[in-house]
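# Observations on the three-dimensional arrangement
Listed below are the residues making up each chain.
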Amino acid sequence: MAVNLSGRNLISMRDLSGTEILAIVALAEKLKANREATEREAPLKNKTLVMIFQKPSLRTRVSFEAGTTRLGGHAIYLAPADIKLGQRETTEDIAIVVSRYADIIMARVFGHDIVEDLGKYAGVPVINGLSDFEHPCQILADFLAIYERRGRLDGMSGCYIGDGNNVANSLMFGAARVGMNFTVAAPPGFEPKPEVVGEAQKMARETGVTIRVTNDPAEGARGADWLYTDVWASMGQEGEAEARKAKFQGFQINAELMKHAKPDAIILHCLPAHYGEEIDYETSRAPNSAIFDQAENRMHAQNALMVMLAG
Ligand code: CP
Ligand code: NVA
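In short, a report on the structure. Keep in mind that this is a model prediction, so the values were computed, not measured. (Residues numbered from 1 in each chain as written. Chains lettered and ligands numbered in written order. Predicted model: local features only at pLDDT ≥ 70, side-chain atom pairs only at ≥ 80, totals over all residues. Heavy atoms only, no water.)

Surrounding ligand 2, one finds L130, N165, N166, D230, V231, S234, M235 and L271. Within the side chain of D230, one N or O atom sits 2.6 Å away from a nitrogen atom of ligand 2. For ligand 2, an oxygen atom lies 2.8 Å from a polar atom in the backbone of M235. In isolation ligand 2 exposes 270 Å². Once the protein is present, 95% of that is buried. (Near = heavy atom within 4 Å. Polar contact = N/O pair within 3.5 Å; in protein donor to acceptor, adjacent residues only side chain to side chain. Areas by Shrake-Rupley, 256 points an atom, 1.4 Å probe, with all protein chains shown as cover.)

Once that is clear, we can look at the pattern of salt bridges. A full pass over the atoms with the stated rule returns 17 salt bridges. R14 is the salt-bridge partner of E134, the closest N and O atoms lying 3.9 Å from each other. Here the residue E134 occupies a position in the loop between β4 (126–128) and α7 (136–150), and R14 occupies one in the segment before α1 (18–33), the gap between them amounting to 120 residues. Its salt-bridge partner being R244, residue E240 comes within 2.8 Å of it at the nearest N-O pair. Since its relative accessible area comes to 38%, E240 is described here as partly exposed. With a relative accessible area of 6%, R244 lands in the buried category. Residues joined by salt bridges that share partners form a network here, namely R14, E134 and E199. (Salt bridge = Lys/Arg side-chain N within 4 Å of Asp/Glu carboxyl O. Helix = DSSP H or I, 4+ residues; strand = E, 2+ residues; numbered from the N terminus. Buried < 20%, exposed > 50% of the residue type's maximum accessible area, 1.4 Å probe, protein only.)

Turning to unusual backbone geometry, a few remarks are in order. Trans peptide bonds make up most of the peptide bonds, and negative phi angles are found at most residues other than glycine. The amide bond that connects L271 to the next residue, P272, takes the cis arrangement and shows omega of 5°. Following the sequence through the fold, P272 ends up in the loop between β9 (266–269) and α13 (281–284). Unusually for a residue other than glycine, L130 sits at a positive phi of about 115°. By the element assignment, L130 lies in the loop between β4 and α7.

This part is about the packing of α1 against α7. The geometry of α1 relative to α7 is characterised by a closest axis approach of 10 Å and an angle of 70° between their N-to-C directions. Relative to α7, the element α1 lies roughly perpendicular. The residues of α7 that touch α1, namely those facing I21, I24, V25, A28, E29 and K32, are L140, F143, L144, Y147 and E148. (Axes fitted to C-alpha atoms, helices over the stretch in contact; angles between N-to-C directions. Parallel < 35°, antiparallel > 145°, perpendicular 65-115°, else oblique. Contact = heavy atoms within 4.5 Å.)

Take it as geometry only, folks, not as evidence of what the structure does.
Below is the structure:
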């Protein structure tokens, strides 16, 4: 069955079926391999992406902006101070007004309800560029990086080491959808919320895979095809960073932990990295590290997504 995402939003990885994720990954691979043809065809010619940010960014901003240029469109960056989302006017009015000018909206926000509201009120597709609850664009890029190395996504086993955060939530949903076994290894008190795990497990029953949580990083990493980590304190949690350091000891991807995974296991990190905390520098530069491919793939995966939503 042909995949048609025209006019849809991407707020959560739950919004996509396994087939749709694979179709985005396949188109991303094609766009990545055919830069000249993509620029000639300009699938977003005369289209505008508006990017709304409540938080800082390197990859999300630059990959969306450069990616839109590559597709023949134009991207507008709105910094946190520009529109003061949630302070100057309602999210509903912002969504309606921006939809009168733009063809796609991408937003990076604190509360997940903000990007959900943008999606509800906008007349154009809305893409979640990270909320406190999810980071779906990151997972599309990550899955492309895994696919490039292994030629498949289903039937693999992945483990995320660290904080049960937005990236972990989106990985759980994405893994469940594409049929990957997936474990989150988090310190006690920092596991993903039980109701979110339960939802991912329900989705995983449809694809016949296992989603689970452990407090033991070595046990979680055992036999994994890929290991993934992210910062111990996310944007908005800076005040907790010092206290978290003590609680997250042992939850680091390093050569010792890698011994528990498959010998050629892929090393993944969404970046930005805090070397010496959630990953050590040497491991981040190991031959099987894909961290900079993940960063590059943000642009290709998002380009595929934008073409499918609004092209
Ligand atoms: N991985 C990621 O979203 O990076 P930025 O915060 O720099 O956008
Ligand atoms: N969990 C991190 C991801 C950054 C890309 C954060 O939300 O800050």
